[in-house]
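Breakdown of the fold
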Amino acid sequence: MTALERGMMLLCCPLGQSEVKPLSGAEFMRLERALFEKSDAEGEVTPQALMADGIDPDLADRICALLDREELLDRYLAKGRQLGIGVLTRLNPAYPRVLLSKLREHAPMVLFYRGDAALLQSRCVGLVGSRKLSPMGEAFARRVGALCAVEGMSLVSGGAAGADRAAQQACSALEGSVIVFAADRLMDHPQQAKTLYCSEEGYEIAFSTPRAHSRNRLIHAFAERTFVAQCTHGSGGTWTGTVENLKKEYSPVICHKDGSKAMQALQDLGAEMLDYEDLTSVLFPERAQEKA
């Protein structure tokens, strides 16, 4: 890991300190020029030096406190290696370019992963949906997962109960590849063949609703297209994540045509609709629509 990557981790990761407020990606990128080009690379980074570069005094103190955690970073990385957890910063060539191109400053500064990192370079189809599913919603999710395996696409999802797990189980049953952007403790997920677990911020951070909503953008952005098995109108992570995708155009959205108010609203926002019977491919679902 280069010195610049270490600096990125010090500034942008809590490193197990819940009371610490790291820089956001947007904050880091705004400060990058001042921190790494204007400041004397050979000199000590001090609040005074940062303020001389035009940085607010409170932020300058915060930056210095974050950077003064070298030993903590070494311990954090060492523990991660013992747990089989790897790290990719935005500066690493193996970091998925698709996240940078679609999310820009909102892409994670650092990705933590456990499992087959080569899957980050694979072609992916996304699946999102409610935790509580109707029988048809579950069937739709399972078919997406199975088709991913059959057609050689990795399934990317969130690992949550309901649609996510139904699709993941169907994909894995046919020896397909699965990528999970987790909203809970990465270290709790077992290492499995053809499976990759990823998270932002850290590997020991527990589940929270804000984390779950935040990771949804990663699913939508990582996928070539995103299928929605079921959704609650106006609320929940599936709704908010899909609406954000449709507004920012992370990936094309294909909704299960289940007659619900939520799916009709998503269609009005630009999503495509697909009957369960017409779901015969995750690569070219539009062909089924053309036949219809």
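The rules behind each value
Residues numbered from 1 in each chain as written. Predicted model: local features only at pLDDT ≥ 70, side-chain atom pairs only at ≥ 80, totals over all residues. Heavy atoms only, no water. Salt bridge = Lys/Arg side-chain N within 4 Å of Asp/Glu carboxyl O. Helix = DSSP H or I, 4+ residues; strand = E, 2+ residues; numbered from the N terminus. Buried < 20%, exposed > 50% of the residue type's maximum accessible area, 1.4 Å probe, protein only. Axes fitted to C-alpha atoms, helices over the stretch in contact; angles between N-to-C directions. Parallel < 35°, antiparallel > 145°, perpendicular 65-115°, else oblique. Contact = heavy atoms within 4.5 Å. Left-handed = near helix turned anticlockwise from the far one by under 90°. Nonpolar A, V, L, I, M, F, W, Y, C, P; charged D, E, K, R; others polar.

Now for the pattern of salt bridges. Within this structure, the stated rule accounts for nine salt bridges. The partner of Arg 142 in a salt bridge is Glu 138, and the shortest N-O contact between them spans 3.2 Å. Of the two residues, Arg 142 and Glu 138 both sit in helix H7 (residues 135-151), four residues apart, roughly one turn of that helix. Among the salt bridges present, the one from Glu 201 reaches Arg 211, with a minimum N-O distance of 3.0 Å. Pair noted here: Glu 201 is in the loop between strand E6 (195-200) and helix H9 (209-222) and Arg 211 is in helix H9, with a separation of ten residues, a long-range link. Using a relative accessible area of 37% as the deciding quantity, one classes Glu 201 as partly exposed. Judged by its relative accessible area of 8%, Arg 211 is buried. What you see here is one network of salt bridges that share partners, running through Arg 6, Glu 70 and Asp 74.

For the rest of this paragraph, the subject is the environment of Ser 235. The residue Ser 235 is located in the loop between strand E7 (226-228) and helix H10 (237-248) in this model. Under the relative-accessibility criterion, Ser 235 is labelled partly exposed at 39%. For Ser 235 and Leu 279, which are 44 residues apart along the polypeptide, the C-alpha to C-alpha distance reads 26 Å.

Moving on: the packing of helix H1 (residues 3-12) against helix H5 (residues 70-82). At a minimum axis distance of 11 Å, the contact between H1 and H5 shows a crossing angle of 95°. One way to sum up the angle between H1 and H5 is to call them roughly perpendicular. Contacts between H1 and H5 involve Arg 6, Met 9 and Leu 10 from the first element and Glu 70, Leu 73, Asp 74 and Leu 77 from the second.

With respect to the helices and strands, the residue Gly 126 is situated in strand E3 (residues 124-128). A residue is classified by how much of its surface remains accessible, and Gly 126, at 0% relative accessible area, is buried. For Gly 126, the contacting residues outside a window of four places in its chain are Val 156, Ala 223, Arg 225, Thr 226 and Phe 227.

Before going further, it helps to examine the packing of H10 against helix H11 (residues 261-268). One can describe the packing of H10 onto H11 by two numbers: an axis separation of 10 Å at closest approach and a directional angle of 15°. With respect to H11, the element H10 is oriented roughly parallel. Our pair here, H10 against H11, has a crossing hand that is right-handed. Within the contact between the two elements, H10 uses Trp 239, Thr 242, Val 243 and Leu 246 and H11 uses Ala 262, Ala 265 and Leu 266. Across the contact of H10 with H11, the residue classes tally to six nonpolar, one polar and no charged.

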